[in-house]
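Close look at the chain arrangement
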Amino acid sequence: MASSAANVAPIESFGEKRPADETPLRSEEESRGSYRFKNKRMRKGHGETSTILKTNGSNEEVLLEDVKALLKSLSLETDASAKLPELKSEVEITIKELSSTGDGLGIQEGSTSDQVYVVPFTAPGDTVTAKVFKHDQKDKLSMADFIKVTKPSPHRDDSLVKCPYFASCSGCQFQMLPYDYQLAHKKTIVEKAYKNFSQLPPELIPAIGDTIGSPLQYGYRTKLTPHFDGPPDSRRSDGRNGIKRSFKEVPPIGFMKKNTRTTLDIEDCPIGTPAVRAGNARERTRVAAELATYHKGATLLLRESTTRIPKAAYSASPSTEQDPDAVVEDRGDHIDLKTCITNPNATSTEYIDSFAFTNPAGSFFQNNNSILPRFTSYIRTHILPTTPDHGIKHLIDAYSGSGLFTITLSSLFQSSLGIDISPASIASATKNAELNGLTSTQARFIAADASALFANITTDAAETVVMIDPPRKGCDESFLRQLVRYGPARIVYVSCNVHTQARDVGVLVGGMKGVDGGFGGGEGCYEIESICGFDFFPQTGHVEGVAVLRRKAPQEPAE
Ligand SMILES: C[S@@+](CC[C@H](N)C(=O)[O-])C[C@H]1O[C@@H](n2cnc3c(N)ncnc32)[C@H](O)[C@@H]1O
């Protein structure tokens, strides 16, 4: 059903505009703004607020590391007096590698300069025409818009591209790359993250596992948030001065054009699930019909929701059970009816195997349902040691959201405790635990900052595993200090930003000054058992990291 305009929060107030903990499709980080290095103060790290967290895992820092490493590996013979091309000029760039931000990094053909050009939508081995829009001579980095491929890389296969907006829209970077190539590249992102941001010696970092792929490489995204900007001068339509700007025509509705602050009109997005794509078409029609009611820009919500119906019940009355707009998926003994919700406060339901999760449609939940059975099964397999006498009985799920890990892992533990800063997520988690038949001992939840967790723990550290799944910025120092002091037997760290994950794991493994975790001398009490990536967002440069840590056995005192 189409929502009314009242259900669509305007850009200024829509809480889920770009949640920090979610990989955005409409990404301002990926727009030109992030490369202005306007946040110079933070470029060298997190040091303003923390003495131990040396990075903020931003695109800028990641890119600078990649540029430095590329220049080192190329060891070019250069002429320091070589002039850089004029801004807005078109140049030929040979792409040498893909950076961890998903952009190609290359060198200007025929130039004697060692300036590295960052060009999106390119593959290593491509020669491309690119239009330069920014030079940063100090960091030897220039930004350029992709114009065209002049000599294709052997890795490029343009027949794979499924979206007419690809190479303009900022959502996807890799549609021209075969999926196994994308997965191999994402493994290098994880490898480089631990090399560059963990501050650990190589011998403490195990071989990074292969990136685990998504069963769906298109049609996977269960949530999209296209937006449109207001009419010209609409920022002044604030109600206080009585001015209400109106649209003269339907504005572009979609996602940011790469390297700009302009919205691209996106009629359809093939990484969305069929229900979300149908919802997009309906919402576009509705906005056009209700244009007179809008005086500002808005972000639209498209969130898939599932109704699960036993086959027999569905067969008996398919016409009455079925929403006419629903996408019907036959799952053998049951039918999943998938619809698209547009009201952020309405409840969406999602299934992972037989676990059911309900959430307000506008709140956080993982965006690729197809990979969640594989992902949660991996965590179930790795969260406990393989030895049968490990004695671990309790789970703490820090940054629990609406209970994804607490609930899917609960049967492995006597008790589980989840904590999240969002009271709405905790309300959903409590409801979800009940929905999945868990008692309040099996799964208990607290709404608080994660660092408040340690005052509430009653379980013995040697019998406890802590799961961590923080937002992109990672954990804060207070949380990490308390975690080390508590000293659980195992830690499983899931993250949508492998750079801050590497930083935090580096602190847990490398040790924290002032926290004696049993070893003293700043040496950490944890070792890394395994690290690998999961591809939650095929066709994009994002990778989710999973690191499993175990507490080291106490050392015998020296004789
Ligand atoms: C990446 S989400 C993970 C949620 C959940 N594990 C899941 O996969 O559905 C991060 C969660 O951290 C929560 N969060 C952010 N800052 C927090 C803090 N300081 N303390 C506790 N939770 C926080 C957010 O509300 C969000 O639910």
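Quick caveat, the model's predicted, so the values are computed rather than measured. (Residues numbered from 1 in each chain as written. Predicted model: local features only at pLDDT ≥ 70, side-chain atom pairs only at ≥ 80, totals over all residues. Heavy atoms only, no water.)

**Comments concerning the overall build of the protein chain**
Regarding its fold elements, the protein chain presents 11 helices and 22 strands. When burial is assessed residue by residue, the protein chain has 57% of its 559 residues classed as buried. Relative to all contacts within the protein chain whose residues are 6 or more apart in sequence, the contacts with residues 24 or more apart total 70%. When the accessible surface of the protein chain is totalled, it reaches about 23800 Å², and 51% of it is carbon and sulfur. (Helix = DSSP H or I, 4+ residues; strand = E, 2+ residues; numbered from the N terminus. Buried < 20%, exposed > 50% of the residue type's maximum accessible area, 1.4 Å probe, protein only. Contact = heavy atoms within 4.5 Å. Areas by Shrake-Rupley, 256 points an atom, 1.4 Å probe, with all protein chains shown as cover.)

**Some points on helix H3 (residues 179-197)**
Between its terminal C-alpha atoms H3 stretches 27 Å, which fits the 27 Å expected from 19 residues at 1.5 Å a residue. Three or more residues of H3 are buried, namely Tyr-179, Gln-182, Leu-183, His-185, Lys-186, Ile-189, Val-190, Lys-192, Ala-193, Tyr-194 and Phe-197. Looking at the buried positions of H3, the neighbouring elements they touch are helix H2 (59-74), strand E1 (90-98), helix H11 (498-510), strand E21 (526-534) and strand E22 (544-551). (Expected span 1.5 Å × (residues − 1).)

**A closer look at the nonpolar core**
Counting 67 residues, the largest nonpolar core has Val-119, Phe-375, Ile-379, Ile-383 and Met-467 as its most contacted members. What Val-119 contacts, discounting residues up to four positions off in sequence, is Ile-93, Ile-95, Asp-103, Gly-104, Val-128, Ala-130, Ala-144, Asp-145 and Phe-146. Judged by nonpolar contacts, the second largest core, of 47 residues, contains Val-190, Ala-448, Tyr-493 and Met-512. (Core = buried A, V, L, I, M, F, W, Y, C linked by side-chain atoms within 4.5 Å.)

**Considering the sheet that holds strand E16 (residues 394-398)**
If you trace the seven strands from one edge of the open sheet to the other, you get E18-E17-E16-E19-E20-E22-E21, paired in mixed fashion. The sheet is open, and its two borders are formed by strand E18 (444-447) and E21, each paired with just one other strand. On average, adjacent strands in this sheet sit at an angle of 15° to one another, irrespective of strand direction. Two strands pair when backbone bridges link them, and E21 and E22 are joined in this way by eight bridges, in the antiparallel orientation. Residue pairing for E22: Tyr-526 is matched across the bridge by Arg-551. Contacts between helix H9 (residues 423-435) and the sheet are confined to strand E17 (415-420) and E18, with E18 contributing the most and set at about 170° to the helix. (Pairing = 2+ DSSP bridges. Axes fitted to C-alpha atoms, helices over the stretch in contact; angles between N-to-C directions.)

**A look at the site of the ligand**
Taken together, 17 residues sit near the ligand, with Gln-366, Asp-420, Asp-449, Ala-450 and Asp-469 positioned nearest. One of the backbone nitrogen or oxygen atoms of Tyr-399 is found 3.1 Å away from a nitrogen atom of the ligand. Asp-469 is positioned such that a nitrogen or oxygen atom in its side chain is 2.9 Å from a nitrogen atom of the ligand. Considered on its own, the ligand offers 590 Å² of accessible surface; in the complex 92% of this is hidden by protein. (Near = heavy atom within 4 Å. Polar contact = N/O pair within 3.5 Å; in protein donor to acceptor, adjacent residues only side chain to side chain.)

**Description of the pattern of salt bridges**
Counted under the stated rule, the structure contains 25 salt bridges. In this structure, Lys-138 and Asp-139 form a salt bridge, with 4.0 Å as the shortest nitrogen-oxygen distance. Glu-329 is the salt-bridge partner of Lys-338, the closest N and O atoms lying 3.3 Å from each other. Since its relative accessible area comes to 22%, Glu-329 is described here as partly exposed. Taken together, the shared-partner salt bridges connect Glu-304, Arg-308, Glu-329, Arg-331, Asp-336 and Lys-338 into one network. (Salt bridge = Lys/Arg side-chain N within 4 Å of Asp/Glu carboxyl O.)

**Re the confidence of the model for the protein chain**
Here the protein chain averages 87 in pLDDT, and 85% of its residues register 70 or above. Across residues 1-24, confidence stays below pLDDT 50; counting only partners more than four residues off in sequence or on other chains, it has 76 contacts. (pLDDT = per-residue confidence, 0-100.)

**Some remarks on helix H4 (residues 274-289)**
In an α-helix, one turn spans 3.6 residues; hence positions three or four apart end up facing the same way. Between its first and last C-alpha, H4 extends 23 Å over 16 residues, near the 22 Å set by a 1.5 Å rise per residue. Those residues of H4 that fall on the buried side of the exposure criterion are Ala-275, Val-276, Gly-279, Asn-280, Glu-283, Arg-284, Arg-286 and Val-287.

**Description of the packing of aromatic side chains**
Following the criterion strictly, the structure yields 12 aromatic pairs and no others. Here Phe-121 and Phe-146 contribute two aromatic rings whose centre-to-centre distance is 6.3 Å and whose plane-to-plane angle is 75°, an arrangement assigned as edge-to-face. You can see Phe-121 sitting in the loop between strand E3 (116-119) and strand E4 (127-136) and its partner Phe-146 sitting in strand E5 (residues 141-151), a full 25 residues away along the chain. The buried category is assigned to Phe-146, whose relative accessible area is 19%. Summarising the aromatic geometry, the rings of Phe-454 and Phe-479 are spaced 5.5 Å apart at their centres and angled 55° between planes, so their arrangement reads as tilted. Here Phe-479 lies in helix H10 (residues 477-486) and Phe-454 lies in the loop between E18 and strand E19 (464-468), a separation of 25 residues in the sequence. By relative accessible area, Phe-479 is classed as buried at 1%. (Phe/Tyr/Trp six-rings, centres within 6.5 Å; stacked < 30°, edge-to-face > 60°.)

**Side note on the sheet that holds E1**
Read around the barrel, five strands follow the order E1-E2-E3-E5-E4 and close on themselves; strand pairing throughout is mixed. Sheet twist, expressed as the mean angle between neighbouring strand axes with direction ignored, is 50°. Where strand E2 (residues 104-108) meets E3, four bridges bridge the pair, whose relative direction is antiparallel. Bridge pairing links Gly-106 to Tyr-117 in E3. In the packing of H2 onto the sheet, the strands contacted are E1, E2, E3 and E5, and the crossing angle to E2 comes to about 45°.

**Side note on the UniProt feature "active site" (unreviewed entry) in the protein chain**
Here, the residues flagged by UniProt with the feature "active site" (unreviewed entry) are Cys-496. Structurally, Cys-496 is set in the loop between strand E20 (490-495) and H11. (UniProt positions renumbered as here; feature names shortened; annotations may be inferred.)

**Observations concerning the side chain of Ser-99**
Along the polypeptide, Ser-99 turns up in the loop between E1 and E2. A polar side-chain atom of Ser-99 sits 2.5 Å from a polar atom in the side chain of Thr-101. Not counting residues up to four positions away in its chain, the partners in contact with Ser-99 are Leu-63, Asp-66, Leu-105, His-185 and Lys-192.

**Notes on unusual backbone geometry**
A positive phi angle, near 80°, is found at Ala-167, a position not held by glycine. Within the secondary structure layout, Ala-167 lies in the loop between E5 and H3.

**Topic: the pairing of E3**
Burial along E3 is two-sided: Val-116 and Val-118 and Tyr-117 and Val-119, pointing in opposite directions, are all buried. Relative to E5, E3 runs parallel, the two being bridged by three bridges. Counted as the bridge partner of Tyr-117 is Ser-142 from E5.

**Some remarks on the packing of H2 against H3**
Running from N to C, H2 and H3 cross one another at 90°; their axes reach a closest spacing of 11 Å. With respect to their mutual orientation, H2 and H3 come out roughly perpendicular. Two secondary-structure elements touch here, H2 through Glu-61, Val-62, Glu-65 and Asp-66 and H3 through Lys-192, Asn-196 and Phe-197. Among the residues forming the contact of H2 with H3, the class breakdown is two nonpolar, one polar and four charged. (Parallel < 35°, antiparallel > 145°, perpendicular 65-115°, else oblique. Nonpolar A, V, L, I, M, F, W, Y, C, P; charged D, E, K, R; others polar.)

**Concerning the environment of Leu-372**
On the secondary structure map, Leu-372 appears in helix H7 (residues 372-382). We classify Leu-372 as buried; its relative accessible area is 0%. Put simply, Leu-372 and Phe-536 are 164 residues apart on the chain and 8.7 Å apart in space, counted from C-alpha to C-alpha. With residues up to four places along the chain from it excluded, the contact list for Leu-372 reads Glu-350, Ile-352, Phe-365, Gln-366, Leu-404 and Phe-536.

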